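Chain by chain, the residues:
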Amino acid sequence: DGRIDGPTNEVAGDDEETDFHAMAAEAESLYLDRQVVSAAIRVRDASLFGGRDREEDGFVRLMLRNSYHDFVLPGSGEEHHVVFEPRLLLHESGVAQIDLVLRADDAPLSVREALAMSWGPEPMFVRSQMSAPLLKGTSWQAIADYSSNEVDAGKPLATIAHANPVSMSELLGIHLDAILAVIRRNFGHWTIHPVAVLDVEECCTPENWKQTHREDLVRLAIRGSVNREIADHAPVPRDLSMAKDHSLYANIGSTVYFQWTGPAPEGVSELDTVLLLEYALLQYMRLFLLEERVARMRLSDRSLRARYKAAVLMFSELRQRDLRSGEAREIVRHVLDEYGAPEIRRTIETALNLSSSAYATVSAERASRRAWWVTIAATLIALLVAVPPLQDLLRAVPTPQPDDPLVLIPLRWLSAQGFWGPWIILGTILLLVSCLWFISVLWRWRVRRWPSCRRRYKWPTEF
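Parameters and conventions
Residues numbered from 1 in each chain as written. Predicted model: local features only at pLDDT ≥ 70, side-chain atom pairs only at ≥ 80, totals over all residues. Heavy atoms only, no water. Buried < 20%, exposed > 50% of the residue type's maximum accessible area, 1.4 Å probe, protein only. Helix = DSSP H or I, 4+ residues; strand = E, 2+ residues; numbered from the N terminus. Pairing = 2+ DSSP bridges. Axes fitted to C-alpha atoms, helices over the stretch in contact; angles between N-to-C directions. Contact = heavy atoms within 4.5 Å. Polar contact = N/O pair within 3.5 Å; in protein donor to acceptor, adjacent residues only side chain to side chain. Core = buried A, V, L, I, M, F, W, Y, C linked by side-chain atoms within 4.5 Å. 1 Å grid on protein atoms, 1.4 Å probe; cavity = no way out; pocket = protein on both sides within 12 Å on 5 of 7 lines; lining within 4 Å. Points joined across faces, edges and corners; volume = space filled by probe spheres on them. Patch = residues over 30% accessible without salt bridge, like charges linked within 9 Å, V, L, I, M, F, W, Y side chains within 5 Å. Areas by Shrake-Rupley, 256 points an atom, 1.4 Å probe, with all protein chains shown as cover. Salt bridge = Lys/Arg side-chain N within 4 Å of Asp/Glu carboxyl O.

Caption draft 1: Broad picture of the pairing of strand S4 (residues 87–91). Burial analysis of S4 places four of its five residues in the buried class, the great majority of the element. For strand S1 (residues 59–63) and S4, the ladder comprises five bridges, and the chain directions are antiparallel. Note on S4: the bridge partner recorded for Met63 is Arg87. The sheet contact formed by S4 and strand S5 (residues 96–99) spans four bridges and is antiparallel. The residue bridging Arg87 from the neighbouring strand is Asp99, located in S5. Connecting S4 to the antiparallel partner S5 that follows it, the hairpin turn spans four residues, and Gly94 within it adopts a positive phi of roughly 105°.

What follows is the structure in structure tokens.
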């Protein structure tokens, strides 16, 4: 038995050590892969942007766990497989941004399929695989199937077979729910902005393609339905690209990038376009949040100063001073104009002016109340100070004489009261002032006589 147990234990120890080294190698590989992507994003970001957010670490970028999905495009029975490598940006203003990349490189796409991939509510995904941390706190946690015993990055990998295909919007929502469950926060507003990068089939020159396939160009640029015909007078949206080999069309709902000649950008090279749109959407959401803050009309001194400071910083960034390229500034300005940023800015300025006026009114009311209480305090002090002189005055009243005026009679009576004489005088004065004030209030609120309702009487007020 001893000769058998020895080698068996040794083999078991070797297997455990091998498993440990495999797990460590996998963890190291995952870590390095994410570092490579993060480094690429940082390099591209540094070449495009500068400013306070970058210098003072106003935001953080994170790479989340991968998720795996199978989807079927409408009108096609072929399944496509995609691996999502979610990128998360958390800004100090409270804005969260998630990026998911969906690719279909194995076969040419029709216009309908390209539009479906750019339409968030389009039901496409039939199967999903996500690790346990990405499902925690989401609605998919209860339907996750772990029976395959698969592991991804050290955590159990669940399979979710969707009874009905789900959309890209739902997938984004699941990822967002998982993030909010970790940081224990809720979200108030959201927006989805798809960016389509299309490699156009080289059936003709770009100029001829724009003329021959004008309807497809307009449809893809505005993300219009294939079931609706594009009118002849519908203009082609403005091309924001200054290069001849590609075109860029951006609007409030989506952005489409047409590659006319050469290979289309993929992976890291896509970041030059995607990061610009991330920046534009981040500015829009921050502007939207600032509009909500100023609309609450909180009139405390500290809150008003904070809103003014935030508005000044936000408006300075709207000049796109953080962008290092003129073309990039034009693209961001165009996207912000599409989202109505100038109107939001005017709303914020108006709200701040109204808040300032309301704050001035409230401050005047507070000052008036303070002055009222100061006046009352000064009056009480004056009454106390007036007691000794009144006592001296009453003591100086002469003895009764036959020809004394009538005014001396009450003064002699008050003098006879001793200590209480001055207080009776002050009380009488206060009583008279109170009566006059009460009479003035009654006069302001007196019941007015109703006007006559005789025939042909004209009411003084037009209805």
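Caption draft 2: View of the sheet that holds S4. Ordered in space as S1-S4-S5, the three strands form an open sheet in which the pairing is antiparallel. Because the sheet does not close on itself, it has two edges, and the strands there are S1 and S5. Strand-to-strand, the axes of this sheet are offset by a mean angle of 15°, without reference to chain direction. Across the face of the sheet, helix H8 (residues 271–295) comes into contact with S1, S4 and S5 while running at roughly 35° to S4.

Caption draft 3: Structural detail: the environment of Arg112. Residue placement: Arg112 occurs in helix H3 (residues 111–117). Between the alpha carbons of Arg112 and Arg219 there is a distance of 9.9 Å; along the sequence they are 107 residues apart. Contacts of Arg112, omitting those with residues within four sequence positions, involve Pro74, Glu122 and Val226. At 3.5 Å, the side chain of Arg112 forms a polar contact with the side chain of Glu122.

Caption draft 4: Main features of the nonpolar core. Counting residues in each nonpolar core, the largest one holds 39 residues, and the members touching the most others are Phe49, Leu276, Leu287, Leu323, Val332 and Ile348. Of all the elements in the fold, those that place two or more residues in this core are helix H1 (2–48), strand S10 (246–250), H8, helix H9 (301–317), helix H10 (326–338) and helix H11 (341–395). Broken down by element, the residue count for this core peaks at 13 residues, all from H8. Leu276 has contacts with Phe49, Leu271, Leu323, Ala328, Ile331 and Val332, leaving out every residue within four places of it along the chain. In terms of nonpolar packing, the next biggest core, distinct from the first, is built from 28 residues, Phe71, Met117, Met124 and Phe125 among them.

Caption draft 5: Up close: helix H7 (residues 214–222). Every buried residue of H7 is accounted for by Leu217, Val218, Arg219, Leu220 and Ala221. In this structure, the buried side of H7 is in contact with H3, strand S9 (195–199), helix H6 (206–212), S10 and strand S11 (255–259). At the C-terminal side of H7, Arg223 shows a positive phi close to 55°.

Caption draft 6: Region of the structure containing empty space enclosed by the protein. Throughout the structure, instances matching the rule amount to three cavities of 30 Å³ or more. Computed from the structure, the largest cavity encloses a volume of approximately 50 Å³. Around the largest cavity, the lining residues are Asp45, Phe49, Arg54, Arg61, Leu89, Gln97, Leu275, Glu278, Tyr279 and Leu282. With four residues, H8 is the single largest residue contributor to the lining of the largest cavity.

Caption draft 7: Representation of the sheet that holds S10 within the structure. If you walk across this open sheet you meet the three strands as S9-S11-S10, and the pairing is mixed. What marks the edges here is a single partner per strand, and that holds for S9 and S10. On average, adjacent strands in this sheet sit at an angle of 10° to one another, irrespective of strand direction. Bridge analysis of S9 against S11 gives five bridges, and the strand direction is parallel. The residue of S11 that forms the bridge with Val197 is Tyr257. Packing against the sheet, H7 makes contact with S9, S10 and S11, and its axis sits at approximately 140° to S11.

Caption draft 8: Just a nonpolar patch on the surface, in detail. On the surface, Leu384, Trp413, Phe419, Trp420, Trp423 and Ile424 cluster together to form a nonpolar patch covering roughly 680 Å² of accessible area. Checked against the element boundaries, Trp423 lands in helix H13 (residues 420–444). Classification of Trp423 by relative accessible area gives partly exposed; the value is 34%.

Caption draft 9: Quick peek at the side chain of Ser241. With respect to the helices and strands, Ser241 occurs in the loop between H7 and S10. With a relative accessible area of 13%, Ser241 lands in the buried category. A distance of 3.1 Å separates a polar side-chain atom of Ser241 from the backbone nitrogen of Ala243. In contact with Ser241, other than residues within four places in its own chain, are His246, Ser247, Leu248 and Glu327.

Caption draft 10: Focus on the environment of Gly340. Note on placement: Gly340 falls in the loop between H10 and H11. Of the residues examined, Gly340 reaches a relative accessible area of 15% and is grouped as buried. The spatial distance from the C-alpha of Gly340 to the C-alpha of Phe288 is 10.0 Å, given a sequence separation of 52 residues.

Nothing here speaks to function; it is all geometry.
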